[in-house]
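These are the residues of each chain, in order.
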Amino acid sequence: MDAAVNATSTSAPDVEALERELTARIDAAADEAALEAVRIDALGKQGLVSGLMRTLGQMSPDERQIMGPKLNRLRDLVAETIAVRKAGFAEAALEAKLRVDAIDVTLPAPRFYQGAIHPISRVLEEMALIFGEMGFTLEEGPDIETDFNNFTALNFPEGHPARDMHDTFFLGRNPANDPNTDDPASSMAANRERKLLRTHTSPVQVRTMLRQPPPIRMICQGRTYRKDSDATHTPMFHQTEGLVIDEKTSMADLKGVLMAFVKAYFEVDAVEVRFRPHYFPFTEPSAEMDVRCDRSGGQIKIGQGDDWLEILGCGMVHPNVIKKCGLDPEKYQGYAFGMGVDRLAGLKYGMPDLRDYFGADVRWLKHYGFSPYLLPGLAQGIAT
Ligand code: DAH
């Protein structure tokens, strides 16, 4: 620390000695923290070099002419040397990390994978891929919904029988059965507050319209719940929902999108579909879409035969829904569709009993599961 003493003495500071001392300390710094300590000692506000710079003001003009450039040079040199050393540390750290993380890419991949992708996960991914290619974004919503999002905003009026058809799992007590409330208005209000397990993915339509301005072109996927259990119904099941909201959309657009989907999903060149009029509170007109199929061999084959199989519901979004979601139905309209993922998965991959899907039987999963190495892609075929 001789140089430091010099810096505060009246004699001319020994800049060369200070330079030697600081570069030696920089060289000796073992890590970034030590290096930072040197930097603060030299260039910090109270640092040695900064202290010397401050003495320039008291020097005679002649002295300053000599010392000014010297000190500037010292300051730059120290800063530069520290920067170089610091970069060296970063590089060494990266080298060390690369050494630790090194993977021998020439090793063969294990022939047998331990787990398998569940067919439902796989089919959800296939569907998202197909609609993604058609420009649909992927939105999400929670499994626990409000009565408003699941029903009211979707034009299910309170007390409407369509609500009963949904076999809803409500959370908490049912205010309608509360012997203490015989005031219908307050029981209705409580009803509105009630949480439930969503009975369909359609409430995500509501959430999306409330959240973002049109144009909207989205799908959402996920778990849905209804009190139902047999070979073709499980209390928890999955849906994929689609919604398009814009100033000009038509039933023809809807049809084109759904036909393209069916072709890509079932990987057949030609699929004949038909639209049957139907009723959903949230669409008008509403339809169910059937695909031509063959059931003769005890197995369903899509795209041939004399039979029809219903695979989804769809329609033009009801103006009441658009209004409830805060948009102007005079300006915006659109179409929507919703399909049961589990049944479409069963049709494609030959899994007859829905209950097996969630039985967590490893033998079933081994048989029907997918290799995690093979991702669906439209180019190589989505069912590879
Ligand atoms: N939410 C309906 C259900 O679960 C399915 C559905 C039908 C969704 C028509 C739609 C639609 O978006 O337009 O039965």
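Fair warning: this is a prediction, and the values are worked out from it, not measured in the lab. Within every chain, residues take consecutive numbers counted from 1 along the sequence as written. Only residues with pLDDT of at least 70 are given local features in this predicted model, and only at 80 or more are side-chain atom pairs given and counted; all residues enter the totals for whole chains, interfaces and linings. The basis for every side-chain value is the complete set of heavy atoms in the structure, and neither hydrogens nor water enter the calculation.

1. Observations regarding helix H3 (residues 32-43)
Step number 1: Under the 1.5 Å per step criterion, the end-to-end length of H3 is 16 Å for 12 residues, consistent within 8% with the ideal 16 Å.
Step number 2: Remark: exposure states derive from per-residue accessible area (1.4 Å probe, protein chains only) relative to the maximum for the residue type, with buried under 20%, exposed over 50%, and partly exposed in between. Starting at the N terminus, helices and strands are each numbered in turn, a helix being any DSSP run of H or I of at least four residues and a strand any DSSP run of E of at least two. When H3 is considered as a whole, its buried residues turn out to be Leu35, Val38 and Ala42. Along H3, the residues classed as buried sweep out an arc of 60 degrees about the axis, all on the same side.
Step number 3: Contact partners of the buried residues in H3: helix H2 (15-28), helix H4 (48-55) and helix H5 (61-101). Expected helix span is given by 1.5 Å per residue-to-residue step, counting one fewer step than there are residues. The directions from the helix axis to the C-beta atoms are what the arc is built from. For this analysis, residues touch if any pair of their heavy atoms sits within 4.5 Å.

2. Observations concerning the nonpolar core
Step number 1: Only buried Ala, Val, Leu, Ile, Met, Phe, Trp, Tyr and Cys residues count toward a nonpolar core, and they belong to the same one when joined by side-chain atoms within 4.5 Å. Counting residues in hydrophobic clusters, the biggest one holds 41 residues, and the most contacted among them are Tyr265, Val291, Ile311 and Phe337.
Step number 2: For this core, the elements supplying multiple residues, two or more each, are helix H6 (119-133), helix H11 (251-266), strand E7 (283-294), strand E9 (307-317), strand E10 (333-340), helix H13 (341-349) and helix H14 (354-357).
Step number 3: Once residues lying within four places of it in the same chain are set aside, the contact partners of Val291 are Val262, Val271, Glu272, Val273, Ile302, Asp307, Trp308, Leu309 and Ile311.
Step number 4: Counting 23 residues, the second largest nonpolar core, distinct from the first, contains Ala153, Val204, Val317 and Ile322.

3. Considerations on the packing of aromatic side chains
Step number 1: Working definition: rings of Phe, Tyr and Trp (its six-membered ring) pair if their centres are within 6.5 Å, and the pair is stacked with planes under 30 degrees apart, edge-to-face with planes over 60 apart, and tilted otherwise. Taken as a whole and assessed by the stated rule, the structure comprises 13 aromatic pairs.
Step number 2: Consider the rings of Phe131 and Phe261, whose centres lie 4.8 Å apart with planes at 10 degrees: the pair is stacked. Placement of Phe131 in helix H6 and of Phe261 in helix H11 is noted, with a sequence separation of 130 residues between them.
Step number 3: Phe131 sits in the buried class, given a relative accessible area of 0%.
Step number 4: Assessed through its relative accessible area of 0%, Phe261 is described here as buried.

4. Examining the site of the ligand
Step number 1: Around the ligand, 15 residues are found, and the nearest of them are His200, Ser202, Arg226, Gln239 and Glu241.
Step number 2: Within the contact set of the ligand, a nitrogen atom lies 2.9 Å away from a side-chain nitrogen or oxygen of His200.
Step number 3: Ala336 has a polar backbone atom sitting 3.1 Å from an oxygen atom of the ligand.
Step number 4: In isolation the ligand offers 360 Å² of accessible surface; the protein chains occlude 91% of this area.
Step number 5: Secondary structure elements with two or more residues in the shell around the ligand: strand E5 (236-246), E9 and E10.
Step number 6: Classifying every residue of the shell around the ligand by side-chain character gives five nonpolar, eight polar and two charged. We call a residue near a molecule or strand as soon as one heavy atom of that residue lies within 4 Å of the molecule or strand. Each polar contact in these results corresponds to two N or O atoms within 3.5 Å; when the atoms are within protein, one needs to be able to donate a hydrogen and the other to accept it, and residues that are neighboring in sequence are counted only if both atoms are side-chain atoms. Surface exposure here means Shrake-Rupley accessible area, sampled with a 1.4 Å probe, where a residue is shielded only by the protein chains that are shown. Residue polarity follows a fixed list, in which Ala, Val, Leu, Ile, Met, Phe, Trp, Tyr, Cys and Pro are nonpolar, Asp, Glu, Lys and Arg are charged, and the others, Gly among them, are polar.

5. Focus: the side chain of Arg292
Step number 1: For Arg292, the location among the structural elements is in strand E7.
Step number 2: A distance of 2.7 Å separates polar atoms of two side chains, one belonging to Arg292 and the other to Glu272.
Step number 3: In this structure, Arg292 is in contact with Glu272, Lys301, Ile302, Gly303, Gln304, Gly305, Asp306, Asp307 and Trp308, ignoring residues within four places of it in sequence.

6. Side note on the confidence of the model for the protein
Step number 1: Think of pLDDT as the predictor's per-residue confidence, scored from 0 to 100. Averaged over every residue, the pLDDT of the protein is 88; the share at 70 or more is 89%.
Step number 2: This model gives residues 1-9 a pLDDT under 50, and the stretch forms 13 contacts once residues within four places in sequence are excluded.

7. Brief notes about the pairing of E5
Step number 1: Taking burial as the measure, the 11 residues of E5 include nine buried ones, the bulk of the element.
Step number 2: Note: strand E4 (residues 216-225) against E5, 10 bridges, orientation antiparallel. Note on E5: the bridge partner recorded for Cys220 is Glu241. We call two strands paired when DSSP finds no fewer than two bridges between them.

8. Some words on the packing of H2 against H3
Step number 1: Geometry is summarised by axes, namely lines fitted to C-alpha atoms with helices restricted to the contacting stretch, and by angles between N-to-C directions that run from 0 to 180 degrees. Between H2 and H3, whose axes approach to 9 Å, the crossing angle comes to 160 degrees. Put simply, H2 runs roughly antiparallel to H3. In the packing of H2 onto H3, the handedness of the crossing is left-handed. Facing H2, whose interface residues are Leu22, Arg25 and Ile26, H3 presents Leu35, Val38, Asp41 and Ala42.
Step number 2: For the contact of H2 with H3, the per-class residue count stands at five nonpolar, no polar and two charged. Relative orientations are named as follows: roughly parallel for angles under 35 degrees, roughly antiparallel for angles over 145 degrees, roughly perpendicular for angles from 65 to 115 degrees, and oblique for any other angle. What makes a crossing left-handed is the near helix being turned counterclockwise from the far one by less than a right angle; a clockwise turn instead makes it right-handed.

9. Things to note about the environment of Phe148
Step number 1: For Phe148, the location among the structural elements is in helix H7 (residues 147-150).
Step number 2: Counting along the chain gives 176 residues from Phe148 to Lys324, while the straight-line C-alpha distance between them is 9.8 Å.

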